[in-house]
Amino acid sequence: MATQAPRQVLLTGASGFVGRRLAPLLEALGWRVRCASRDAAAMRARWPERTWVQLDLSLPDDVERALLGCHAAYYLVHSMAETSTGLFERERAVAESFALAAERAGLERVIYLGATEPQGPPSEHLRSRLEVGRVLRSGAVAALELRAGMIVGYGSASWRIARDLAARLPAMVLPRWLQTRSEPIAIDDVLIALADAARMPLSRSMS
């Protein structure tokens, strides 16, 4: 009896905190996972059991090639360490290019892990992440934007910063912006939500 071939998904940010944990979960659920990295050779040496593709999101040809044959894509990349000017414009341009490439490749959906929106004015970094979500949801391909605050788990950059501050400083004067309330979420819960996002019915973009 013939069996249906596994569906393929592109996983950007596959070597990151969330992506490297999501890849084996998606494979266990029956997906063929194409892991993307700006240094695919190095990642292939580190995780040889996974399928890697070279991808620089600022290069349209790379994006087109990476999406070819995929049914869905995870957008798990953002310039967290970027501090120079022009961050907002660069992140928006890359997201616009990705949305167009997803349309040309005939994708069924794009899944984006974004950030929660603050009550007050967002930082430049947070503003760019919210804009990426808006751009992807405005594309022709249905996009599902999931939003999370601090993700708690071994290897989380934001959690590591909070832990180190608490461990090294018995007392400190906090800036006013640290009064912002946030609700952390465990990495396991994030992974479950992302995996479910690839299977749930999705007829239009939503967040």
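A short tour of the structure in this document, coming up. Note that the structure is predicted; figures quoted are calculated from it, not measured.

Before going further, it helps to spend a moment on helix α3 (residues 60-67). Within the sequence span of α3, burial applies to D62, V63, A66 and L67. Considered in projection along α3, the buried side chains sweep an arc of 120° and stay on one side of the axis. For α3, the secondary structure elements touched by its buried residues are β1 (8-11), β2 (32-37), β3 (51-54), β4 (72-75) and α4 (87-105). Downstream of α3 by one or two residues, G69 has phi in the positive range, about 85°.

On to the pattern of salt bridges, then. Counted according to the given criterion, the structure contains eleven salt bridges. A salt bridge links R147 to E117; the nearest nitrogen and oxygen atoms lie 3.6 Å apart. Separated by 30 residues along the polypeptide, R147 in strand β6 (residues 143-148) and E117 in the loop between β5 (109-115) and α5 (124-138) bring together distant segments of the chain. Residue E131 is joined to R134 by a salt bridge in which the shortest nitrogen-to-oxygen separation is 2.7 Å. Of this pair, E131 and R134 both sit in helix α5, separated by three residues, roughly a single helical turn.

Now for the packing of α4 against α5. In the contact formed by α4 and α5, the axes pass within 9 Å of each other and the chain directions differ by 20°. With respect to each other, α4 and α5 are oriented roughly parallel. With respect to the hand of their crossing, α4 and α5 are arranged in right-handed fashion. Contact residues: L87, F88, E91, R92, A95, E96, F98 and A99 in α4; E124, H125, R127, S128, E131, V132, V135 and L136 in α5. By residue class, the composition of the contact of α4 with α5 is eight nonpolar, two polar and six charged.

What counts, and where the lines are drawn
- Residues numbered from 1 in each chain as written.
- Predicted model: local features only at pLDDT ≥ 70, side-chain atom pairs only at ≥ 80, totals over all residues.
- Heavy atoms only, no water.
- Buried < 20%, exposed > 50% of the residue type's maximum accessible area, 1.4 Å probe, protein only.
- Helix = DSSP H or I, 4+ residues; strand = E, 2+ residues; numbered from the N terminus.
- Arc of directions from axis to C-beta.
- Contact = heavy atoms within 4.5 Å.
- Salt bridge = Lys/Arg side-chain N within 4 Å of Asp/Glu carboxyl O.
- Axes fitted to C-alpha atoms, helices over the stretch in contact; angles between N-to-C directions.
- Parallel < 35°, antiparallel > 145°, perpendicular 65-115°, else oblique.
- Left-handed = near helix turned anticlockwise from the far one by under 90°.
- Nonpolar A, V, L, I, M, F, W, Y, C, P; charged D, E, K, R; others polar.

Everything listed here is a matter of coordinates, which is why it stays silent on function.
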